[in-house]
Amino acid sequence: MGDVMLDFEDTIARDQRIEPRDPMPEAYRKTMIRQIAQHAHSEIIGMQPEGEWITRAPTLRRKAILLAKVQDEAGHGLYLYSAAETLGADRGDLTTRLIEGRQKYSSIFNYPTLTFADVGVIGWLVDGAAICNQVPLCRSSYGPYGRAMIRICKEESFHQRQGYELLMTMMRGTDVQREMVQDAVNRWWWPSLMMFGPPDGDSPNTAQSMAWKIKRHTNDELRQRFVDMSVPQAVSLGVTLPDPALRWNEERGHHDFGTPDWDELKRVISGDGPMNAARITRRRQAHEDGAWVRAAAAAHARKKAS
Ligand code: BYC
């Protein structure tokens, strides 16, 4: 066991990657499965808020873009479940944990999408926050996770661009369209800041995950990066970010901003957000609807093996 730890620590210290067959401490394996599974669940549950707008997209072009984006999220979920399987996790078991409420997914997907402007704002802010959080994860110490993240980030950039382009189009439209965009920004801004997790002083996992080079920055560092990145984008779009405390701080070289409602984040994480019950019910239904496909695939595999 001593040697196992030495090899592992040495690999981490040399900034090299841990691969599936490499020895690793049990706690590292557990942490990786936890983070990758939660991330995979977020991608799959994340299909729902925007998926609801596919049949109601205003034009064929918007529908095609949205379809492609939502399908990409399904793909991300699959790469990530595969990465979790390289650590010995079982995908069926992970899905069971999700639909029984025993494993988390991102708080952001527990808010409703009220108008088509939400599709644009999710692309701009939610995918923007996702990119901010996930680009450093491309250098995460666990090989299969870091490699999955490279492809995911490329696709997320397309998602962000489509959201921003949709919002630019709406902002060039009518007063009603501009109001829809502003209203969506008002509703999604604070939940987007919460995607980065609790503040550093209240984040039980950050210190160990940074030491293992799973996480490369703390939650607050990435949140700050996201705010700094979003402010000029909001200006060119012509929308107001709903935070009276938001201002440039010359001394820090960053924007100061207000405090998110951390009690709200706790409520949403613990299952008590506006859409938690609806999201899980829908996911459970989809899983049950797919039972015949899994049975057929298993029967086919048995037939081929015999
Ligand atoms: N929502 O010690 P902490 C996407 C949990 S997909 C819910 O800071 P950690 C996209 C946290 O898991 C977005 N739970 O934890 C998809 C921990 O619980 P446990 C998902 C949250 O892991 C489709 C506890 O609170 N992205 O972007 O060091 C369409 C304490 O937190 C949240 C990822 O999953 C939250 N917001 O850091 C569009 C990225 N925040 O497990 C977009 C990968 C915290 O101890 N994950 N919790 O019971 C990460 O980077 C990290 O896991 C986090 C949290 C920064 C999220």
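For the structure itself, consult the block above.
Definitions and limits used
Residues numbered from 1 in each chain as written. Predicted model: local features only at pLDDT ≥ 70, side-chain atom pairs only at ≥ 80, totals over all residues. Heavy atoms only, no water. Helix = DSSP H or I, 4+ residues; strand = E, 2+ residues; numbered from the N terminus. Rg over C-alpha atoms; globule rule 2.2 N^0.38 Å. Buried < 20%, exposed > 50% of the residue type's maximum accessible area, 1.4 Å probe, protein only. Lys, Arg positive; Asp, Glu negative; His and termini not counted. Charge placed at Lys NZ, Arg CZ, Asp CG, Glu CD. Near = heavy atom within 4 Å. Polar contact = N/O pair within 3.5 Å; in protein donor to acceptor, adjacent residues only side chain to side chain. Areas by Shrake-Rupley, 256 points an atom, 1.4 Å probe, with all protein chains shown as cover. Salt bridge = Lys/Arg side-chain N within 4 Å of Asp/Glu carboxyl O. 1 Å grid on protein atoms, 1.4 Å probe; cavity = no way out; pocket = protein on both sides within 12 Å on 5 of 7 lines; lining within 4 Å. Points joined across faces, edges and corners; volume = space filled by probe spheres on them. Nonpolar A, V, L, I, M, F, W, Y, C, P; charged D, E, K, R; others polar. Core = buried A, V, L, I, M, F, W, Y, C linked by side-chain atoms within 4.5 Å. Axes fitted to C-alpha atoms, helices over the stretch in contact; angles between N-to-C directions. Contact = heavy atoms within 4.5 Å.

## A look at the overall build of the protein chain
Scanning the protein chain from terminus to terminus reveals 13 helices and two strands. In terms of overall size, the protein chain behaves like a compact globule, its C-alpha atoms giving a radius of gyration of 20 Å where 306 residues would be expected to give roughly 19 Å. Projected onto its principal axes, the C-alpha positions of the protein chain cover 65 × 55 × 30 Å. Across the 306 residues of the protein chain, 50% fall into the buried class. Of the charged side chains in the protein chain, 40 are positive and 40 negative; the average position of the first set lies 6 Å away from that of the second.

## Concerning the site of the ligand
Around the ligand sit 30 residues in total, of which Gln38, Lys104, Ser203, Lys215 and Asn219 are the nearest. With respect to the ligand, the side chain of Arg34 contributes an N or O atom lying 2.9 Å from an oxygen atom. Between a nitrogen atom of the ligand and a main-chain N or O atom of Ser107, the distance comes to 2.8 Å. The fraction of the free accessible surface of the ligand (1,000 Å²) that becomes covered by protein chains is 91%.

## Some details on the pattern of salt bridges
Close approach of charged atoms allows side chains with opposite charge to pair. The full count for this structure, using the stated rule, is 19 salt bridges. Close ionic contact of Asp15 with Lys213 constitutes a salt bridge, the shortest N to O distance being 3.8 Å. Of this pair, Asp15 sits in the loop between helix H1 (2-13) and helix H2 (26-45) while Lys213 sits in the loop between helix H9 (206-211) and helix H10 (219-237), and the two are 198 residues apart along the sequence. The partner of Lys69 in a salt bridge is Glu73, with the nearest N and O atoms 3.5 Å apart. Taken together, the residues span about one helical turn, with Lys69 and Glu73 both in helix H4 (residues 60-85) at a distance of four residues. By the burial criterion, Lys69 is buried, and Glu73 matches it.

## Notes on the layout of surface pockets
Of the pockets and cavities examined, the largest pocket occupies roughly 1,200 Å³. Taken together, 50 residues form the lining of the largest pocket, with Gln38, Ser106, Met195, Phe196 and Gly197 sitting closest to its centre. When contributions to the lining of the largest pocket are tallied by element, the ones reaching two or more residues are H2, H4, helix H6 (117-134), helix H7 (143-171), H9, H10 and helix H11 (262-269). In terms of residue count, the dominant contributor to the lining of the largest pocket is H6 (seven residues). Of the residues that constitute the lining of the largest pocket, the class distribution is 18 nonpolar, 18 polar and 14 charged. For the second largest pocket, the calculated volume is near 380 Å³. If you trace the second largest pocket, you find 18 residues lining it, with Ile44, Met47, Ala74, Arg283 and Ala286 closest to the centre. Counting residues per element, the ones that place at least two in the lining of the second largest pocket are H2, helix H3 (47-51), H4, helix H5 (91-99) and helix H12 (276-289).

## A closer look at the nonpolar core
Core analysis: the biggest nonpolar cluster contains 47 residues, and Trp124, Val181, Trp188, Phe226, Val239 and Leu241 have the highest contact counts within it. In terms of residue count, H6 provides more of this core than any other element does, nine residues in total. Counting 27 residues, the second largest nonpolar core, distinct from the first, contains Tyr28, Ile33, Ala40 and Cys138.

## Topic: the packing of H12 against helix H13 (residues 291-305)
One can describe the packing of H12 onto H13 by two numbers: an axis separation of 4 Å at closest approach and a directional angle of 40°. On H13, the residues that touch His287, Glu288 and Asp289 of H12 are Ala291, Trp292 and Arg294. Tallied by class, residues from the contact of H12 with H13 come to two nonpolar, one polar and three charged.

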